[in-house]
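# Fold and contact review
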Amino acid sequence: MSIDWAALGQVFGISLAVTVAMVGVFTLGIVGTSRKAAPEQGGTAAAVPGGAVGTSPLARTGAYACFAVCAAVVAYGIYLIVA
């Protein structure tokens, strides 16, 4: 029995890169859902219970897109394992 070290190294490298990328994308999603909109100059932020200011629709849409990418990568990984 011999081990193909080149193939093992490729699998390790790709797995590491995809893992780091997915952690980054998921982090962007979390930041996008928790980002607070800055009040305009001279104005005050709208009063929201808890003191938080809501996220902008663009940030929320981007965050949901990040979560969708993460879900698609997980689904593809499950597909590769099952198939």
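Use the structure listed above.
Anyway, here's the lowdown on the structure attached to this text. (Residues numbered from 1 in each chain as written. Predicted model: local features only at pLDDT ≥ 70, side-chain atom pairs only at ≥ 80, totals over all residues. Heavy atoms only, no water.)

For the protein chain, the helix and strand inventory stands at two helices and zero strands. Counting across all 83 residues of the protein chain, residues that qualify as buried make up 8%. Taking the intrachain contacts of the protein chain between residues at least 6 apart in sequence as the baseline, contacts between residues at least 24 apart amount to 62%. For the protein chain, the exposed area adds up to about 6,600 Å²; of that, 72% sits on carbon and sulfur atoms. (Helix = DSSP H or I, 4+ residues; strand = E, 2+ residues; numbered from the N terminus. Buried < 20%, exposed > 50% of the residue type's maximum accessible area, 1.4 Å probe, protein only. Contact = heavy atoms within 4.5 Å. Areas by Shrake-Rupley, 256 points an atom, 1.4 Å probe, with all protein chains shown as cover.)

Further remarks concern the environment of Met22. Its place among the elements puts Met22 in helix H1 (residues 5–34). Sequence separation between Met22 and Phe67 is 45 residues; the distance between their C-alpha atoms is 9.6 Å. Each residue touching Met22, except ones within four places of it in the same chain, is listed here: Val69, Cys70 and Val73.

What follows is about the state of the cysteines. The final tally for this structure, using the stated rule, is zero disulfides. Residue Cys66 stays outside any disulfide, its sulfur separated by 7.0 Å from that of Cys70, the closest cysteine. (Disulfide = S-S within 2.5 Å.)

Before going further, it helps to spend a moment on H1. Since there are 3.6 residues in each turn of an α-helix, residues three or four apart along the chain are aligned in direction. An ideal rise of 1.5 Å per residue puts 44 Å on 30 residues; H1 measures up with 43 Å between its terminal C-alpha atoms. Within H1, the full set of buried residues consists of Met22, Gly29 and Gly32. Residues of H1 that are buried make contact with helix H2 (57–82). (Expected span 1.5 Å × (residues − 1).)

A contiguous nonpolar patch, built from Ile14, Val18, Val69 and Val73 and spanning about 310 Å² of accessible area, is present on the exposed surface. For the nonpolar patch, the secondary structure elements donating two or more residues are H1 and H2. (Patch = residues over 30% accessible without salt bridge, like charges linked within 9 Å, V, L, I, M, F, W, Y side chains within 5 Å. Salt bridge = Lys/Arg side-chain N within 4 Å of Asp/Glu carboxyl O.)

Here we take up H2. For H2, spanning 26 residues, the distance from its first C-alpha to its last is 37 Å, which sits close to the expected 38 Å at 1.5 Å a residue. Looking only at H2, the buried set comprises Ala63, Cys66 and Cys70. Where H2 is buried, its residues contact H1.

Where H1 meets H2, the axes come as close as 8 Å, and the angle between the chain directions of the two elements is 150 degrees. By the angle class used here, H1 and H2 are roughly antiparallel. Between H1 and H2 lies a crossing whose hand is left-handed. Mapping the contact onto sequence places Val18, Met22, Val25, Phe26, Leu28, Gly29, Ile30, Gly32 and Thr33 in H1 and Ala59, Arg60, Ala63, Tyr64, Cys66, Phe67, Val69, Cys70 and Val73 in H2. Grouping the constituent residues of the contact of H1 with H2 by class yields 14 nonpolar, three polar and one charged. (Axes fitted to C-alpha atoms, helices over the stretch in contact; angles between N-to-C directions. Parallel < 35°, antiparallel > 145°, perpendicular 65-115°, else oblique. Left-handed = near helix turned anticlockwise from the far one by under 90°. Nonpolar A, V, L, I, M, F, W, Y, C, P; charged D, E, K, R; others polar.)

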